[in-house]
Amino acid sequence: MVYGLAEADRAYPPPLEAAMERSRQVLDRDGQLLRAFTTSGGKWRLPVTSGDVDPHYLRMLVAYEDQRFEKHRGVDLWALGRAAGQLAAHGRIVSGGSTLSMQVARLIEPRKDRSIAAKLIQIARAAQIERRLSKAEILDLYLNLAPFGGNLEGVRAASLAYFGKEPKRLTVAQAALLVALPQLPERRRPDRFPANAEAARERVLTRLAVATVIGEGEAGRARLAPIPKKRRQLPAYAAHLAEAAIRKDPRALSHQTTLKRDAQAALEIVARDAAERLGPKISVALLLAESRTGAILAEVGSADYFEGARSGWIDMTRTLRSPGSTLKPFIYGLAFEQGMIAQQTIIEDRPADFFGYRPKNFDMSYQGDVTIRQALQMSLNVPAVKLLEAVGPTRLTSRFRRAGVNPRLPQGEAPGLAIALGGAGVSLRDLVQLYAALANRGFPVKLGDGVREEPGVIEAEPIMDPIAAWQVSDVLSGMRPPLGAIPRGLAYKTGTSYGYRDAWTIGYDGKYVLGVWVGRADNAAIPGISGFQTAAPILFEAFAKAKLAQTALPPAPAGAFRLSEAELPASLKRFALTGNGLVSFSAREPAPKIVYPPEGAEVDLALGGDDAMPLQLKLQGGRPPFRWLANGRPMDGSSRKRNYQWRPDGAGYSTLTVIDAVGRASTVRVFVR
């Protein structure tokens, strides 16, 4: 007989595989749920184990449903006998005799009738399940499969739908309600039959075994808690990323991302509210990342994924658009790097003709003579084109490629001066990746959300040297915030594309970089929008509502400083192009380099003694006259010689810098004693 039972067990095993299907889920960096998808049968069945559930709930569940769960082998004969006796005495079912193992058997193999034959099959299945699974595994199956009304299955989906939180921390009242619902899930749904739900919760709380578990007085307090009257929507963040994750690996149960759920939720609200203020068909996209790691913390592809009027299904963080003036800082950065300009260098903002290309400013006016700092902060077009002609469009795009960004140019065209004003196609993601390098002292990083790409450092030369990157950031940090915005110590740049189709703002502090795009997904014009008036307020609002700790911009690297107009060498007082479009010094001339003392040298000058001597400084290359600085302070006068004597103020580390006539610099750090 035993052999026959064993053969039957092997021939007709319980259909456990069918019960293993779970809702696929997309998680943030900390394992919090961003978005879930229903099973093939349309059920919300989120994966959960007993370790994910409040221990109070587990104790109440066992006390109410199956007090001898740990002792029996699938069937509790005492409970079955008690239930049969009550049925005979009262003519109706007073209490059930099903164990948790028997309930799992019913859940994996549902039967409409409640006949004795069905009960016997359930008992046999429970015995089979006990042979195959541990008690912990059986409990986990119940936690995943128990019905809670509608298409909710499993305690995790129920907790999120009725209480808006994971089941890790439940009140006694919440735990009691979740224990009660699976017996009659449709008739006890709190969103439809709150009175029934409250009565069922009361039966759980008054059960002696449950009262013993929860402690004296807890049941009374739990009865006072209100029953939830509505069913909440399950978390549904990062719709574009979630869809991409499912397309990439449809079979994976979980997809881990780099996103931070709180930041993602906050930015989705900011985007939706901003779009509603701006008007119909206008959408908003935002992308937030860590500038040092490239990890994307939030990406909002549209104001509302499900809104057809705004084409919300289009991910505008990855769509190519004209960037307007947002590429200008990189032009200035190359000019700083090559020693063509300083912040107080004068440049002309007047009508100019570049071989038939005649750029005009956004407001159609001209400012005349302005400083480089003013020109970048005011986003003047003619100065930017002049600088791009000097540094070269090809060189600029090659630096973009170092950061992993390839602007889309009109087919068959080489990089031209129009890039300065947005004459190339880039995405919001591209811009944030470029600005992440700028915020990271010129060193590029690869943005990644953990699904479409992995974040990380790009093994390439910097897109500009750290001193030039600091100069640009210093200028951009002086931009005034939009009216009504809370100052945050951001460096930021705005842009408006030709024809008022796109409004941009990209901003960063010492740790985070955030990009904002405003426009229409169909590329239609929106009269009156601009980067400063439309997108910049959203940038500051998003930084504030993301609740990120404010991080100061990095300090100036060694050799980086602002020179006043009086301290500028003659060649840096005014930027000018020669007739052939080149700046007025030879690019072939080598930059200055301090050859003595070398970087990191320790020099004994016998400071404090009678025989203290000056330190001899030597350099090669560069164009005289030369100006020397010690720890950021200019030394006396300038010199045309390549040798100089310096007397330090005291012992310790010092930074020595030399600047030649065209503003190129060399720096070393030495220790003097």
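Structure first, text after, so check above.
Residues numbered from 1 in each chain as written. Predicted model: local features only at pLDDT ≥ 70, side-chain atom pairs only at ≥ 80, totals over all residues. Heavy atoms only, no water.

## What about the overall build of the protein chain?
The condition is simple: Helix numbers and strand numbers start at the N terminus; a helix is a DSSP run of H or I with at least 4 residues, a strand a run of E with at least 2. Only protein chains enter the accessibility calculation, which uses a 1.4 Å probe. A residue is then buried if its area is under 20% of the maximum for its type, exposed if over 50%, and partly exposed in between. Residue contacts are counted whenever heavy atoms from the two residues lie within 4.5 Å of one another. Shrake-Rupley sampling with a 1.4 Å probe provides the accessible areas, and residues are treated as covered by the protein chains on show and by no other component. Charge counting follows a simple rule: Lys and Arg are positive, Asp and Glu are negative, and His as well as the terminal groups are ignored. The atoms used to mark charge sites are NZ of Lys, CZ of Arg, CG of Asp and CD of Glu.
Looking only at helices and strands, the protein chain features 20 helices and 20 strands. Taking the principal axes of the C-alpha coordinates as reference, the protein chain spans close to 115 × 70 × 50 Å. Scored against the burial criterion, the 673 residues of the protein chain give a buried share of 53%. When contacts within the protein chain are restricted to residue pairs at least 6 apart in sequence, long-range pairs at least 24 apart make up 69% of them. Total accessible area on the protein chain is roughly 30700 Å²; 53% of this is exposed by carbon and sulfur atoms. Between the centroid of the 90 positive side chains of the protein chain and the centroid of its 67 negative side chains there is a distance of 3 Å.

## A look at the pattern of salt bridges
Going by this rule: We define a salt bridge as a contact between a side-chain nitrogen of Lys or Arg and a carboxyl oxygen of Asp or Glu at a distance within 4 Å.
Scanning the entire structure with this criterion turns up 31 salt bridges. The salt bridge involving Glu 202 is made with Arg 223; its shortest N-O contact spans 2.7 Å. Remark: Arg 223 occurs in helix H11 (residues 218–223) and Glu 202 occurs in helix H9 (residues 194–206); sequence separation between them is 21 residues. Judged by its relative accessible area of 32%, Arg 223 falls in the partly exposed class. A salt bridge links Arg 318 to Glu 453; the nearest nitrogen and oxygen atoms lie 2.9 Å apart. A residue pair is termed long-range when its members are at least 10 positions apart, and Arg 318 in the loop between strand S5 (296–300) and helix H14 (328–337) and Glu 453 in the loop between strand S8 (445–446) and strand S9 (456–457) qualify at 135 residues. Within the structure, one salt-bridge network assembled from shared partners comprises Glu 299, Asp 315, Arg 318, Arg 429, Asp 449, Arg 452 and Glu 453.

## Observations regarding unusual backbone geometry
The step from Tyr 596 to Pro 597 runs through a cis peptide bond, and the omega angle for that step is 0°. If you trace the backbone, Pro 597 turns up in the loop between strand S13 (593–596) and strand S14 (602–603). Even without being a glycine, Phe 355 presents a positive backbone phi close to 55°. Tracing the chain through its elements places Phe 355 in the loop between strand S6 (346–349) and strand S7 (368–371). Within the chain, Asn 523 stands out as a residue other than glycine whose phi angle is a positive 70°. Here Asn 523 is to be found in the loop between strand S12 (512–519) and helix H20 (531–545).

## Description of the packing of helix H8 (residues 172–180) against H9
Applied cut-off: Axis angles are defined between N-to-C directions and span 0 to 180 degrees, where every axis is a line fitted to C-alpha atoms and, for a helix, only to the segment in contact. We call two directions roughly parallel when the angle between them is under 35 degrees, roughly antiparallel when it is over 145, roughly perpendicular when it lies between 65 and 115, and oblique otherwise. Gly falls in the polar group here, along with every residue not listed as nonpolar (Ala, Val, Leu, Ile, Met, Phe, Trp, Tyr, Cys, Pro) or charged (Asp, Glu, Lys, Arg).
Following both chains from N to C, one finds H8 and H9 inclined at 100°, their axes separated by 8 Å at the closest point. Classed by the angle they form, the pair H8 and H9 counts as roughly perpendicular. Between H8, through Val 172, Ala 173, Ala 176, Leu 177, Val 179 and Ala 180, and H9, the contact on the second element is made entirely by Ala 197, Ala 200, Arg 201, Val 204 and Leu 205. Its residues assigned to classes, the contact of H8 with H9 shows 10 nonpolar, no polar and one charged.

## Focus: the packing of helix H4 (residues 100–108) against helix H5 (residues 116–132)
Relative to each other, H4 and H5 sit at 105°, their axes nearing to 8 Å. Accordingly, the angle class assigned to the pair H4 and H5 is roughly perpendicular. Where H4 approaches H5, its residues Ser 101, Met 102, Val 104, Ala 105, Arg 106 and Ile 108 are matched on the opposing element by Lys 119, Gln 122, Ile 123, Arg 125, Ala 126, Ile 129 and Glu 130. Partitioned by chemical class, the residues of the contact of H4 with H5 number seven nonpolar, two polar and four charged.

## Observations concerning the sheet that holds strand S11 (residues 502–508)
Counted only if it meets this: Note: two strands are recorded as paired if DSSP finds a minimum of 2 bridges between them.
In space, the five strands of this open sheet follow the order S5-S4-S12-S11-S10, with antiparallel pairing throughout. The sheet terminates laterally at S5 and strand S10 (491–496), the two strands that pair on one side only. Between one strand and the next, the sheet's axes are offset by a mean angle of 10°, whatever the strand orientation. Bridge count for S10 against S11 is six bridges, and the pairing is antiparallel. Of the residues in S11, the one forming a bridge with Thr 496 is Ala 503. Relative to the sheet, helix H19 (residues 466–476) contacts S10 and S11, its axis offset from that of S10 by approximately 75°.

## Observations regarding the pairing of strand S2 (residues 33–36)
If a strand is regular, its side chains alternate between the two faces of the sheet. In the sheet, strand S1 (residues 25–27) pairs with S2 via three bridges, with the strands oriented antiparallel. In the sheet register, Leu 27 faces S2, and the bridge partner there is Leu 33. Where S1 folds back on S2, the antiparallel hairpin that results is connected by five residues, among which Gly 31 adopts a positive phi of roughly 85°.

## Considering the nonpolar core
The test is simple: Side-chain atoms within 4.5 Å are what join buried Ala, Val, Leu, Ile, Met, Phe, Trp, Tyr and Cys residues into a set we call a nonpolar core.
The biggest cluster of nonpolar side chains holds 74 residues, and the ones touching the most others in it are Phe 330, Tyr 332, Ile 341, Leu 387 and Leu 438. In terms of residues, this core owes the most to one element, helix H18 (residues 428–439), which gives nine residues. The residues contacting Leu 438, other than those within four sequence positions of it, are Pro 329, Phe 330, Ile 463, Met 464, Ala 469, Val 472, Ser 473, Leu 476 and Tyr 508. Residues Leu 133, Leu 139, Leu 145 and Ala 219 belong to the second largest nonpolar core, which totals 59 residues.

## Focus on the sheet that holds S14
Strand order across the open sheet formed by five strands is S14-S20-S19-S16-S17, with mixed pairing between neighbours. Sheet topology places S14 and strand S17 (633–634) at the edges, where each strand pairs with a single neighbour. Sheet topology note: the strand S16 (residues 627–630)/strand S19 (residues 652–659) ladder contains four bridges and is antiparallel. Bridged to Trp 628 within S19 is Val 658.

## A short note on the side chain of Asp 66
Structurally, Asp 66 is set in the loop between helix H2 (55–65) and helix H3 (77–90). In this structure Asp 66 is buried but unpaired, with Lys 135 as the nearest side chain of opposite charge at 6.2 Å.

## Topic: H9
Rules: Take the number of residues in a helix, subtract one, and multiply by 1.5 Å to get its expected span. Read the arc as the range of directions from the helix axis to the C-beta atoms.
When the terminal C-alpha atoms of H9 are compared, their 18 Å separation across 13 residues agrees well with the 18 Å that a helix rising 1.5 Å per residue should span. Three or more residues of H9 are buried, namely Ala 197, Ala 200, Arg 201, Val 204 and Leu 205. Down the axis of H9, the smallest arc covering the buried residues is 140°, so these residues share one side. For H9, the secondary structure elements touched by its buried residues are H2, H8, helix H10 (208–214) and H11.

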